[in-house]
Amino acid sequence: MRHSKLRKKAVTGPAAAVLMCAGALLCSPAAAVTRHDPATLTADPLATWQTDGVVWSLAQARGVVYAAGSFQSVRPPGAAAGTGQVPRHNFAAFDAATGALLPCAPSFTDGAGPYSAGTVRAMKPSPDGRVLYVGGSFGHVGSTGVANAVALDTADCTLRKDFRPVVSATVRAIETTGRQVYLGGDFDKIYGRSRPHVAALTSTGSLLPFKADVDRPVRALSAAPVQRVLLTGGDFERVNGRRAHSFAALDLTTGATVRTFPGWLPPGSTVKAIARDGSRFYVGAEGEGVGVFDGRIAGRLRDGALLWKDTCLGATQAVLPHDGVLYSASHAHDCSRTPGGFPERGVRHTLLAQSVTDRRILHWFPDTDGGLGEGVGPRTLTMAGGVLWVGGEFTQVNDQPQQGLTRFAATAPPSAPQSPALGVLAAHPGKVTIGWHAVWDRSTAVLTYRLYRDGKLVSRQARASAAWDLPAMSYTDSVAAGSRHQYAIEVTNGSRTSPRSAMIVTVPARGGRTSGA
């Protein structure tokens, strides 16, 4: 990914309309919000099981969330690495409502031994949720020999006998419709027949006539049955003999090229993720070098028209639309030219939320560290019952230990903001000015500050803030000359309130300047 010059940008969205309220007793935070952006989830994670390695893929079906990747065990929420471990070889299942670990535990390995290497890279349930299709680089499921792609019955977590295609190399993407299962990846053959990097099979594993000549690996697939196209992304440059850099729409039945998207992606960028909702599709990209595109694109399913394109820098690994919000897993570090965005300051924001209609970055800033492997943090997203599950290679979430998996909900109790430190900015007979810097909250743009003198509320101010924009605030209080007073402040995000700050003491003199301690 390239790095752009530092560029300051004012806070936008709810943070654009700020209530100063200096010197006022009461001021309503609601008045500060002039936009009607879609509501996001909270940024505070739910207690979630952890893995000892990388989660490459998540899927949900019939009340179960499946996590798969490159790991050998899972452990309970809050357990330190190496403690409370339960064996799970590259695959685990959890109750979607409670997050509890379930007994469904087939082992995916390369066949060299019971705990040998192997990895799962892709999963997708059938539309009715009865079957879970699994792909990756593995030679055995339990003791059964397979070749990189299988199917499980979700009712009893058993390996199906009718879907065991012989795939010549790694499967990186899976898509399903009512009758077809599409595979994308590094392979060039299935059942020994030429299928360069993308193929279609029946739900019982028979190879379909669908055929597209893709010159390099496929990493993302999304079917649009109404439009009869398979949106395809990856490392490729040519599809069916035509230039189609990294992104193309293929006919669902034949594999013929329906549409290419010239100019959407520069040469140094590749598509890593594709998702869609009722009328739009969304693309996430990763770039290397100068002049690349690392962000997200929205297009119209009906005709493939470009709707918007953000300009954030920091590779995108996954995208997921939900209730008017596009959630993404990335390591964005400069979104200064995207509405609602943030400047380059050497900090990565690994989870983002944007309005699906206008690309505006919303105030939702949970974070992970880079973690293991390539150090990019989150890799995959799925939504189950209104809860966003996030998987990847991270080992921390919001600066607390949490490895491989985390969850965010709409109703989880948010954490309380921190309280700022107070200082005396000016003091004159009969007046004292108390100052502080705004704090910020991961879920709430506009916070309310309540200043107390001797335990009595004297000022309530609402102010927008973000991690990159912590404005100075103040209040000028009228007090009797020579009187001694104690000031403290608390901050609320509407749900939780910080502890009151340490008190400062002021003694306005009868003449001259005031002392403060």
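Please read these numbers as outputs of a predicted model, since none were measured by experiment. Numbering of residues starts from 1 in every chain and runs along the sequence as written. Confidence filtering applies because this is a predicted model: local features only for residues at pLDDT of at least 70, side-chain atom pairs given and counted only at 80 or more, and all residues used for totals across whole chains, interfaces and linings. Only hydrogens and water are removed before side-chain values are computed, so all heavy atoms of the structure are retained for them.

## Notes on the overall build of the protein
Test applied: What counts as a helix is a DSSP run of H or I of at least four residues, what counts as a strand is a run of E of at least two, and both are numbered from the N terminus. When accessible area is computed with a 1.4 Å probe and restricted to protein chains, residues below 20% of their type maximum are described as buried, those above 50% as exposed, and intermediate ones as partly exposed. All accessible areas in this document rest on Shrake-Rupley with a 1.4 Å probe, and a residue is counted as covered only by the protein chains that are shown.
The number of helices and strands found in the protein is zero helices and 44 strands. A buried classification covers 57% of the 517 residues belonging to the protein. A total accessible area of about 20,100 Å² is found for the protein, and carbon and sulfur atoms account for 51% of it.

## Considerations on the environment of Leu101
What counts here: Any two residues whose heavy atoms approach within 4.5 Å are treated as being in contact.
Checked against the element boundaries, Leu101 lands in the loop between strand E6 (91-95) and strand E7 (108-109). For Leu101, the contacting residues outside a window of four places in its chain are Trp49, Val74, Val86, Arg88, Ala92, Ala93 and Phe94.

## Things to note about the nonpolar core
For soluble globular proteins, the rule of thumb is that nonpolar side chains tend to be buried together. Short version of the rule: The criterion is simple. A nonpolar core is a set of buried Ala, Val, Leu, Ile, Met, Phe, Trp, Tyr and Cys residues joined through side-chain atoms within 4.5 Å.
The biggest cluster of nonpolar side chains holds 19 residues, and the ones touching the most others in it are Tyr66, Phe91, Met123 and Val134. When residues of this core are traced back to their parent elements, those giving at least two are strand E2 (54-61), strand E3 (64-70), E6, strand E8 (119-125), strand E9 (131-137) and strand E12 (149-153). With three residues, E3 is the single largest residue contributor to this core.

## Focus: the sheet that holds strand E25 (residues 269-276)
Note the threshold: Between any two strands, pairing holds if DSSP finds at least two bridges. Axis angles are defined between N-to-C directions and span 0 to 180 degrees, where every axis is a line fitted to C-alpha atoms and, for a helix, only to the segment in contact.
An order of E25-E26-E27-E28 is seen for the four strands of this open sheet, with the pairing classed as antiparallel. The open sheet terminates on both sides in strands that have one partner only, identified here as E25 and strand E28 (306-309). Along the sheet, successive strands turn relative to each other by an average axial angle of 25 degrees, direction set aside. Relative to strand E26 (residues 280-287), E25 runs antiparallel, the two being bridged by seven bridges. Across the sheet, the residue bridging to Arg276 is Phe281, located in E26.

## A few points about the state of the cysteines
Where we set the bar: Cysteine sulfur atoms that come within 2.5 Å of each other are treated as a disulfide pair.
This model, assessed by the stated rule, comprises two disulfides. Note on cysteine connectivity: Cys104 is disulfide-linked to Cys157, with sulfurs 1.9 Å apart. Taking the torsion about the sulfur-sulfur bond, which here is approximately 65 degrees, the covalent link between Cys104 and Cys157 counts as right-handed. On the criterion of sequence distance, the pair formed by Cys104 in the loop between E6 and E7 and Cys157 in the loop between E12 and strand E13 (158-159) is long-range, its members being 53 residues apart.

## So, the pattern of salt bridges
Pairing is possible between side chains of opposite charge, provided their charged atoms come close. Note the threshold: The salt bridge criterion pairs a side-chain nitrogen of Lys or Arg with a carboxyl oxygen of Asp or Glu, the two atoms within 4 Å.
Here the structure, examined in full by the defined rule, presents 17 salt bridges. The shortest N-O distance in the salt bridge between Glu286 and Lys272 comes to 3.5 Å. Taken as a pair, Glu286 in strand E26 and Lys272 in strand E25 lie far apart in primary sequence, 14 residues in all. The class for Lys272 is buried, based on a relative accessible area of 15%. The closest approach of N and O atoms between Glu393 and Arg379, which form a salt bridge, is 3.2 Å. Taken together, the residues Glu393 in the loop between strand E33 (387-392) and strand E34 (396-397) and Arg379 in strand E32 (residues 378-384) connect sequence positions 14 residues apart.

## Remarks on the environment of Gln85
What counts, and what does not: Polar contacts, as counted here, are pairs of nitrogen or oxygen atoms within 3.5 Å of one another; within protein the pair requires one atom able to donate a hydrogen and one able to accept it, and residues that are adjacent in sequence qualify only if both atoms are side-chain atoms.
Inspection of the secondary structure assignment puts Gln85 in the loop between strand E4 (73-75) and strand E5 (86-87). Residues Gln85 and Gln50, spaced 35 residues apart in sequence, show a C-alpha to C-alpha distance of 9.3 Å. With residues up to four places along the chain from it excluded, the contact list for Gln85 reads Asp52, Ser73, Val74 and Arg75. Side-chain polar atoms of Gln85 contact the side chain of Ser73, separated by 3.5 Å.

## Thoughts on the sheet that holds E6
Reading across the sheet, the three strands line up as E2-E3-E6 and stay open at both edges, with antiparallel pairing between neighbours. Two strands close off the open sheet at either side, each with one partner strand: E2 and E6. With direction set aside, neighbouring strand axes in the sheet form an average angle of 20 degrees. In terms of strand pairing, E2 meets E3 through seven bridges, oriented antiparallel. Bridge pairing links Ser57 to Ala68 in E3.

## Structural notes on the side chain of Thr382
On the secondary structure map, Thr382 appears in strand E32. Judged by its relative accessible area of 10%, Thr382 falls in the buried class. Ignoring sequence-local partners within four residues, the contact set of Thr382 consists of Leu58, Ala59, Gln60, Val65, Leu320, Val387, Leu388 and Trp389.

## Let's talk about the environment of Val239
By the secondary structure assignment, Val239 is in strand E21 (residues 238-239). Taking the C-alpha atoms as reference points, Val239 and Leu250, 11 residues apart in sequence, are found 9.2 Å from one another.

## Describing unusual backbone geometry
Of note, Asn90 is a non-glycine position whose phi angle comes to about 70 degrees, a positive value. In this structure, Asn90 sits in the loop between E5 and E6. Of the residues examined, Asn90 reaches a relative accessible area of 1% and is grouped as buried. The backbone of Asn398 sits at a positive phi, close to 50 degrees, despite the residue not being glycine. Assignment of secondary structure puts Asn398 in the loop between E34 and strand E35 (400-401). Here Asn398 falls in the buried class, since its relative accessible area comes to 12%.

## What about the side chain of Asp44?
Operational definition: By the counting rule applied here, Lys and Arg register as positive and Asp and Glu as negative, while His and the ends of each chain are not counted.
Note that Asp44 resides in the segment before strand E1 (50-51). As a buried residue without a salt bridge, Asp44 has its nearest oppositely charged side chain in Arg442, at a separation of 6.3 Å. Within the structure, Asp44 has its side chain in polar contact with the side chain of Ser415 (distance 2.8 Å).

## What to know about the confidence of the model for the protein
The test is simple: The predictor attaches a confidence to each residue, and that confidence, scored 0 to 100, is pLDDT.
Within the protein, residue pLDDT values average 90, and 90% of them lie at 70 or more. Taken as a whole, residues 1-34 scores under 50 in pLDDT and shows 88 contacts with residues more than four places along the chain or in a different chain. Note that residues 512-517 has pLDDT below 50 and, in this model, 19 contacts with residues that lie over four places away or in other chains.

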